[in-house]
Amino acid sequence: MKKIALAAGVLLSASFSPASMAAESKDSQYLSDWWHQSVNVVGSYHTRFGPQLNNDVYLEYEAFAKKDWLDFYGYVDVPKFFGTGNTPNRGIWDKGSPLFMEIEPRFSIDKLTGTNLGFGPFKEWYFANNYIYDMGRNNASRQSTWYMGLGTDIDTGLPMSLSMNIYAKYQWQNYGASNENSWDGYRFKVKYFVPLTEMWGGNLSYIGFTNFDFDSDLGSDNFVVDGRQARTSNSIASSHILALNYDHWHYSFVARYFHNGGQWNDGVDIGTPQGPIKSTGWGCLLYTSDTADDAN
């Protein structure tokens, strides 16, 4: 699957693939294959994971798999691969980060133990992980974060796929922030896929995922400007996708809302060239993709 994206405010650490969400649907064309991958060109505009708005055009490898006890999604980005972006943005060719990656492996506890642990609406349980790594050029530009916890798939009784994960976070490097090398906070993640209707010869679906990060010590450190904390103990990144799928082509519109993106406090002026921090607001993503042969 190849994807050409024109983005605004999403995808730098997006844990999202329309195909991977569709794979959770009983009627999905992806269930019969094991490994799915794509090479993507992504254009992002006004991502809010740091204190400054960031624009970029970069190369991405993306993959997802669902087989037996493994449920996997991940991607690897090569930032600013095409040399295009705004002033604060740096990447592989201009002494910025040469690689950014995120993986979300979940391991089925039910299948690994041979035990049906489902009850009520909870169909299956997982040991859930979400690992984020930014290679950077030095400690001040490097991140390594591991979320680990429990996940489940939920039977809603509707034509809808729903999964939830709750994690504890261990923070190694974090761009020099005060919470490095410590257990620091939690993340709650919810994902959902809803088939809507047939339209223009394709299938229209609504896909979404939201990350709630909370209870971090970062909001109580000594980074104070004019009496206000520059960092926060919580953040939200919520993506909402309309996907129009054909046999070989997929078109999507994505809107993502950031609240305290990257755990930065909106409106605090820490002296960056863009002025006060802009960590809260909306972005959007437009992209199209064509499906290539998958490895089995």
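Cut-offs applied
- Residue positions are given per chain, counting from 1 as you read along its sequence in written order.
- Totals for whole chains, interfaces and linings use all residues, but because this is a predicted model, local features are given only for residues with pLDDT of at least 70 and pairs of side-chain atoms are given and counted only at 80 or more.
- Processing note: side-chain calculations cover all non-hydrogen atoms of the structure and skip hydrogens and water entirely.
- Just to be clear on terms, a salt bridge is a Lys or Arg side-chain nitrogen sitting within 4 Å of an Asp or Glu carboxyl oxygen.
- Helix and strand definitions here come from DSSP, where helices need a minimum of 4 consecutive H or I residues and strands a minimum of 2 consecutive E residues; each element is numbered from the N-terminal end.
- Buried residues are those whose accessible area, probed at 1.4 Å on protein chains only, stays under 20% of the maximum for their type, while exposed residues exceed 50% and partly exposed ones sit between those limits.
- Any Phe, Tyr or Trp ring, taking Trp's six-membered ring, that has another such ring centre within 6.5 Å forms a pair; planes under 30 degrees apart are called stacked, those over 60 apart edge-to-face, and the others tilted.
- Any Lys NZ or Arg CZ found within 6 Å of a ring centre and within 35 degrees of that ring's normal is scored as a charge over the ring.
- Patches draw on residues past 30% relative accessible area with no salt bridge. Two like charges within 9 Å are joined, as are two nonpolar side chains (Val, Leu, Ile, Met, Phe, Trp, Tyr) within 5 Å.
- Using a 1.4 Å probe, accessible areas were evaluated by the Shrake-Rupley method; residue-level cover was limited to the displayed protein chains.
- In these notes, a set of buried Ala, Val, Leu, Ile, Met, Phe, Trp, Tyr and Cys residues joined through side-chain atoms within 4.5 Å is what counts as a nonpolar core.
- A contact between two residues is defined here by any heavy atoms of the two lying within 4.5 Å.
- Here a polar contact is recorded for every N or O atom pair within 3.5 Å, except that within protein the pair must consist of a potential hydrogen donor and a potential acceptor, and residues adjacent in sequence are included only if both atoms are side-chain atoms.
- Pairing between strands is defined by DSSP: at least two bridges between the two strands are required.

## A closer look at the pattern of salt bridges
All chains considered together, the criterion is met by eight salt bridges. Of the charged contacts in the structure, one is a salt bridge between Glu 104 and Lys 189, with a shortest N-O distance of 3.9 Å. Highlighted residues: Glu 104 in the loop between strand 5 (100-103) and strand 6 (106-108) and Lys 189 in strand 10 (residues 182-199), separated in sequence by 85 residues. As a salt-bridge pair, Lys 191 and Glu 104 come within 3.4 Å of each other at their nearest N and O atoms. Pair noted here: Lys 191 is in strand 10 and Glu 104 is in the loop between strand 5 and strand 6, with a separation of 87 residues, a long-range link. Note on accessibility: Lys 191 and Glu 104 belong to one class, buried. If you follow the salt bridges from partner to partner, you end up with Lys 66, Asp 71, Arg 106 and Asp 153 in one network.

## Details of the packing of aromatic side chains
Any aromatic ring pair is given by two values, namely how distant the centres are and how the planes are angled relative to each other. All chains considered together, the criterion is met by 17 aromatic pairs. When the ring of Trp 35 is compared with that of Phe 72, the centres are 5.6 Å apart and the planes differ by 20 degrees; the resulting orientation is stacked. Here Phe 72 lies in strand 4 (residues 70-78) and Trp 35 lies in strand 2 (residues 35-47), a separation of 37 residues in the sequence. For Trp 35, a relative accessible area of 22% gives the class partly exposed. Here Arg 106 stacks its cationic end above the ring of Tyr 126, 3.8 Å away from the centre of that ring.

## Quick word on a nonpolar patch on the surface
Together, Leu 150, Ile 166, Tyr 186, Phe 212 and Phe 214 make up a nonpolar patch on the protein surface, roughly 410 Å² of accessible area in all. On the secondary structure map, Leu 150 appears in strand 8 (residues 143-154).

## A few points about the nonpolar core
Formed by Phe 64, Tyr 73, Tyr 75, Phe 100, Ala 128, Ile 132, Tyr 147 and Tyr 167, the largest nonpolar core amounts to eight residues. Broken down by secondary-structure element, the contributors of at least two residues to this core are strand 4 and strand 7 (122-134).

## Observations concerning the environment of Asp 269
Looking at the element boundaries, Asp 269 is found in the loop between strand 15 (249-259) and strand 16 (281-290). Note: C-alpha distance between Asp 269 and Val 225 (44 residues apart in sequence) is 7.2 Å. Apart from residues no more than four positions distant in its own chain, Asp 269 is found in contact with Val 225, Gly 275 and Pro 276. Polar contacts involving the side chain of Asp 269 include one to the main-chain amide nitrogen of Gly 271, which spans 3.0 Å.

## What to know about the side chain of Asp 213
For Asp 213, the position within the fold is in strand 11 (residues 202-214). For Asp 213, a relative accessible area of 10% gives the class buried. Reaching out from Asp 213, the side chain makes a polar contact with the side chain of Arg 187 at a distance of 2.7 Å. In contact with Asp 213, not counting residues within four places along its chain, are Tyr 147, Tyr 186, Arg 187, Ser 233, Asn 234 and Ser 235.

## Regarding the pairing of strand 11
Relative to strand 11, strand 10 runs antiparallel, the two sharing 13 bridges. Among the inter-strand pairings, Lys 189 is bridged to a residue of strand 11, identified as Asn 211. Counting the residues in the hairpin turn of strand 10 and strand 11 gives two residues, including Trp 200, whose phi is positive at 50 degrees. Two elements, strand 11 and strand 14 (residues 235-245), share 11 bridges in a ladder whose sense is antiparallel. Pairing of Asp 213 across the sheet is with Ser 235, part of strand 14.

## Here we look at the environment of Ile 270
You can see Ile 270 is positioned in the loop between strand 15 and strand 16. You can call Ile 270 partly exposed: its relative accessible area is 26%. Separated by 44 residues in the primary sequence, Ile 270 and Asp 226 place their C-alpha atoms 9.5 Å from one another. Residue contacts for Ile 270: discarding those within four places in its chain leaves Pro 51, Phe 223, Val 225, Ala 230, Trp 264 and Ile 277.

## With respect to unusual backbone geometry
The phi angle at Tyr 175 is positive, at roughly 55 degrees, despite the residue not being glycine. Locating Tyr 175 in the fold gives a position in the loop between strand 9 (161-174) and strand 10. Look at Asp 215: it is not a glycine, yet its phi comes out positive at around 65 degrees.

## Concerning the side chain of Glu 124
Here Glu 124 lies in strand 7. Taking the relative accessible area as the measure of exposure, Glu 124 reaches 13% and is therefore buried. At 2.8 Å, the side chain of Glu 124 forms a polar contact with the side chain of Lys 111. Once you skip the residues sitting within four places of it in the chain, Glu 124 turns out to touch Ser 108, Asp 110, Lys 111, Gly 151, Thr 152 and Asp 153.

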